[in-house]
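Results of the structural survey
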Amino acid sequence: MKLIKLNATDSTNDYLKRLQLNADTENWTVVTALSQTAGKGQMGSVWISEEGKNLTMSILVRDAGILVQQIFSLNIAVSVAIIIVLEKMGIPNLAVKWPNDIMSGNKKIGGILIENTIKTNTEIISIIGIGLNVNQTNFQNLPKASSLSKIMKKEFDSQMLLKSIFDALQFTFLKLSSHEIGNLWNDYNRKLFKIGIPMPFEKPDGIRFMAIIEEVNVYGKLVLKLEDDSVKAFELKEIAMLY
């Protein structure tokens, strides 16, 4: 593992995107920073983190050995890797809130942002951004957020956590290029937040409805069973879960 430690940057994803333009940048290069001035989340949201308290890291992965139509499998492999590590640490009630939020109970403790570039030869270059709330305990005005420290009542070594996640990622990415990819999907779907429970959802136009999460399909869409017993798959921008 080639590890680049920064005191501060705009975002580790953006830093690594600029770095990988150099063809000599080593595959599985990891960038981590004590502070991000423009940390990013899903759908253009901002990832806010206290300086030096949490783990913010990005990993460069060149050609994970999957087809373009399997690209959501990258999200699956990263989510499962993080769950594996946190389960070994004893973090309770772990789940993945579709598509990429890491939850403990009803609290968000981490998030994933994967940015892919598809080359003309169909090679996929991925920048995998991971943010985990580790030792931050102040979440004023963020009622749905928590951290490993707040949950477990002790502090954690972020660098040891980084190494554990890196090792787990290499383990799950090996499964991507083997016949075990189906097992990763099963693991992800088993850990889906609120799976099998009637939950309220909202569309962009404000219309709300009740539905039951059944799974995430191979295209990365959330499959819901609606009140009339019909089944429909939704993309991220089409619905939001209310919880």
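Everything below is about the structure printed above this text.
First, a word on scope: everything that follows refers to the structure included in this document. (Residues numbered from 1 in each chain as written. Predicted model: local features only at pLDDT ≥ 70, side-chain atom pairs only at ≥ 80, totals over all residues. Heavy atoms only, no water.)

As a further point, take the overall build of the protein chain. When you go through the protein chain residue by residue, the secondary structure sums to 5 helices and 12 strands. The C-alpha atoms of the protein chain give 18 Å as radius of gyration, which agrees with the globular expectation for 243 residues (18 Å, within 12%). Across the 243 residues that make up the protein chain, the buried fraction comes to 48%. In the protein chain, of all internal contacts separated by at least 6 residues, the share reaching a separation of at least 24 is 62%. Surface exposure of the protein chain reaches about 12100 Å², of which carbon and sulfur atoms provide 51%. (Helix = DSSP H or I, 4+ residues; strand = E, 2+ residues; numbered from the N terminus. Rg over C-alpha atoms; globule rule 2.2 N^0.38 Å. Buried < 20%, exposed > 50% of the residue type's maximum accessible area, 1.4 Å probe, protein only. Contact = heavy atoms within 4.5 Å. Areas by Shrake-Rupley, 256 points an atom, 1.4 Å probe, with all protein chains shown as cover.)

Another aspect to go through is the sheet that holds strand β12 (residues 240-241). In spatial order, the strands read β11-β10-β9-β8-β12; together these 5 strands make up an open sheet with antiparallel pairing. The outermost strands of the open sheet, each flanked by one partner alone, are β11 (231-234) and β12. Pairing geometry for strand β8 (residues 198-202) and strand β9 (residues 208-216), over 5 bridges, is antiparallel. Each bridged residue has a counterpart across the sheet, and for P198 the counterpart in β9 is I212. (Pairing = 2+ DSSP bridges.)

Turning to the environment of V78, a few remarks are in order. Among the secondary structure elements, V78 is positioned in helix α2 (residues 73-88). Along the sequence, V78 and F166 sit 88 residues apart, while their C-alpha atoms lie 9.8 Å from each other. Discounting residues that sit within four places of it in the chain, V78 has contacts with I112, I114, I128, I130, L169 and F173.

Let us look at unusual backbone geometry. That bond from W98 to P99 is cis: its omega, 0 degrees, falls within 30 degrees of zero. Looking at the element boundaries, P99 is found in the loop between β4 (94-97) and β5 (101-104). Positive phi is not limited to glycine here, since W28 has a value of about 70 degrees. Of note, W28 is situated in the loop between α1 (12-19) and β2 (30-36). What makes W28 buried here is its relative accessible area of 15%.

Further remarks concern the packing of α2 against helix α4 (residues 158-176). One way to put it is that α2 packs onto α4 with a least axis distance of 8 Å and a crossing angle of 135 degrees. Judged on the interaxial angle alone, α4 and α2 are oblique. Read as a crossing pair, α2 and α4 show a hand that is right-handed. Along its contact with α2, which presents S73, L74, A77, V78, V80, A81, I82, I84, V85 and L86, the element α4 presents L161, S164, I165, A168, L169, F171, T172, F173 and L176. (Axes fitted to C-alpha atoms, helices over the stretch in contact; angles between N-to-C directions. Parallel < 35°, antiparallel > 145°, perpendicular 65-115°, else oblique. Left-handed = near helix turned anticlockwise from the far one by under 90°.)

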